[in-house]
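# Summary of structural features
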Amino acid sequence: DKVQQVVFEAKQDNKYLDKVNVTLKKSLIKALNTQGKELVIKLENANVVVQGELLKAANNVNIDIETTDVTTKAVQEALPTNRNALTGFNLTVKVNGKVVTNAEQAVTMHFEIPSKKVTNPNKLVAYVVNDGKWTYLDGKVVGNEFVTSSVINGQVILAESTQTFTDIQRHWAQEEIEILAAKHLVIGTTEEKFSPKAQIKAGDFATLLERLTGKEVSVETEGKALTRAEMAVMLKEAVEVEEAIDT
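Please read all numbers here as calculations on a predicted model, not as lab measurements.

## A look at the overall build of the chain
Within the chain, the secondary structure is distributed over 6 helices and 17 strands. The dimensions of the chain, computed from C-alpha atoms along their principal axes, are 65 × 40 × 30 Å. Counting across all 247 residues of the chain, residues that qualify as buried make up 43%. Sequence separation of 24 or more characterises 71% of the internal contacts of the chain that already satisfy a separation of 6 or more.

## Re the environment of Lys11
Relative to the assigned elements, Lys11 resides in strand β2 (residues 11-12). Relative accessible area serves as the criterion here: at 34%, Lys11 is assigned to the partly exposed category. The sequence separation of Lys11 and Val142 amounts to 131 residues, and the corresponding C-alpha distance is 25 Å. Sequence-distant contacts of Lys11, defined by excluding residues within four places in its chain, comprise Tyr16 and Leu17.

## Examining the nonpolar core
Counting 36 residues, the largest nonpolar core has Leu54, Val61, Ile63, Phe89 and Leu91 as its most contacted members. Per-element tally for this core: the top contributor is strand β8 (residues 83-95), with 5 residues. Sequence-distant contacts of Ile63, defined by excluding residues within four places in its chain, comprise Val20, Asn21, Val22, Ile41, Val50, Leu91, Thr92 and Val93.

## Describing the packing of aromatic side chains
Evaluated as defined, the whole model comprises 4 aromatic pairs. With centroids separated by 5.3 Å and ring planes inclined at 80°, the aromatic side chains of Tyr127 and Trp134 adopt a geometry described as edge-to-face. On the accessibility criterion, Tyr127 (0% relative accessible area) is buried. Given a relative accessible area of 36%, Trp134 falls into the partly exposed group. When the ring of Phe165 is compared with that of Phe194, the centres are 5.5 Å apart and the planes differ by 45°; the resulting orientation is tilted. Taken together, the residues Phe165 in the loop between β15 (154-161) and α4 (174-182) and Phe194 in the loop between α4 and β16 (199-200) connect sequence positions 29 residues apart. Residues Phe165 and Phe194 agree in their burial class; the two are buried. Members of the aromatic cluster, joined through ring pairs, are Tyr127, Trp134 and Tyr136. One residue, Arg228, lies across the ring of Phe194, its end atom 4.2 Å from the ring centre.

## Things to note about the pattern of salt bridges
One side chain can pair with another of opposite charge once the charged atoms of both are near each other. Counted under the stated rule, the structure contains 4 salt bridges. Across the pair Glu77 and Lys73 runs a salt bridge whose closest N-O atoms are separated by 3.7 Å. Of this pair, Glu77 and Lys73 both sit in helix α3 (residues 73-78), separated by 4 residues, roughly a single helical turn. For the salt bridge of Glu178 with Lys123, the shortest nitrogen-to-oxygen distance reads 2.5 Å. Of this pair, Glu178 sits in helix α4 while Lys123 sits in the loop between β10 (107-112) and β11 (124-130); the two residues are 55 residues apart in sequence, bridging distant segments of the chain. Neither residue differs from the other here; Glu178 and Lys123 are each classed as buried.

## Section: the pairing of β11
Counted residue by residue, β11 has 6 buried out of 7 residues, so it is predominantly covered. Both β11 and β15 contribute to a ladder of 6 bridges, which runs antiparallel. Bridging from a neighbouring strand, Val125 pairs with Ala159 of β15. Note: β11 against strand β12 (residues 133-137), 5 bridges, orientation antiparallel. Directly across from Tyr127, in β12, lies its bridge partner Tyr136. What sits between the antiparallel neighbours β11 and β12 is a turn of 2 residues, in which Asp131 has the positive phi angle 50°.

## With respect to the side chain of Thr87
With respect to the secondary-structure elements, Thr87 resides in strand β8. Ignoring any residue separated from it by four or fewer positions in sequence, one finds Thr87 in contact with Asn45, Val70, Phe111, Val156, Ile157 and Leu158.

## Observations concerning the sheet that holds strand β1 (residues 5-9)
Taken together, the 6 strands give an open sheet; going across it, the order is β1-β5-β6-β10-β14-β13, and neighbouring strands pair in mixed fashion. Each edge of the open sheet carries a strand with a single partner, namely β1 and β13 (139-142). Strand-to-strand twist of the sheet, defined as the mean angle between neighbouring strand axes without regard to direction, takes the value 25°.

Criteria and cut-off values
- Residues numbered from 1 in each chain as written.
- Predicted model: local features only at pLDDT ≥ 70, side-chain atom pairs only at ≥ 80, totals over all residues.
- Heavy atoms only, no water.
- Helix = DSSP H or I, 4+ residues; strand = E, 2+ residues; numbered from the N terminus.
- Buried < 20%, exposed > 50% of the residue type's maximum accessible area, 1.4 Å probe, protein only.
- Contact = heavy atoms within 4.5 Å.
- Core = buried A, V, L, I, M, F, W, Y, C linked by side-chain atoms within 4.5 Å.
- Phe/Tyr/Trp six-rings, centres within 6.5 Å; stacked < 30°, edge-to-face > 60°.
- Lys NZ or Arg CZ within 6 Å of the ring centre and 35° of its normal.
- Salt bridge = Lys/Arg side-chain N within 4 Å of Asp/Glu carboxyl O.
- Pairing = 2+ DSSP bridges.
- Axes fitted to C-alpha atoms, helices over the stretch in contact; angles between N-to-C directions.

Shown next, in the form of structure tokens:
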């Protein structure tokens, strides 16, 4: 069932604000909890959804959001290489005066995909940056949005990966490899090469699938080792299945 939402549009004089502070008092928190509703803070290029779990047992919640200039050198250098920052904002969430760190108290971000700036939506990724260090945020494309969540305060950045390898150009599995590399699910054998014809044991591939799905996996290859390219294609299919289950 779809959760009902209370929407706060961060506008003044019909213009979206670059800086927003939202404070939820105990009475509003109680009403949201009683009615089972989420709070949505609507920004120009994204929606920030405060989930019900975060509001439980809270007397007050404070949310600070400030638009980030993703064109700055500092932002680009803070991200992994071959990532083109598209949009983002600084996010600080406090519950009862303390910064949120509980993984069960996630805030979900729905980024509007800037279609004119994006080459391949499947290569969109999100990060939260703190003190010049990045943390990858798991996310997925839903319609015209990229949806991700975080409990880490900092700069939340939507980016498109341009990562590739010299030995997969025009390879039949090039797109699958690039998408998985964007999501940090595979890495090259060097910074420039992926070695798509190199082999991987079935047991090693099963371990990768178990990390991805959180479930015990048995891989049957009829006695043959998989190539890294075949592995990439199978991993991408597994990612798509997991995302469909979570939708």
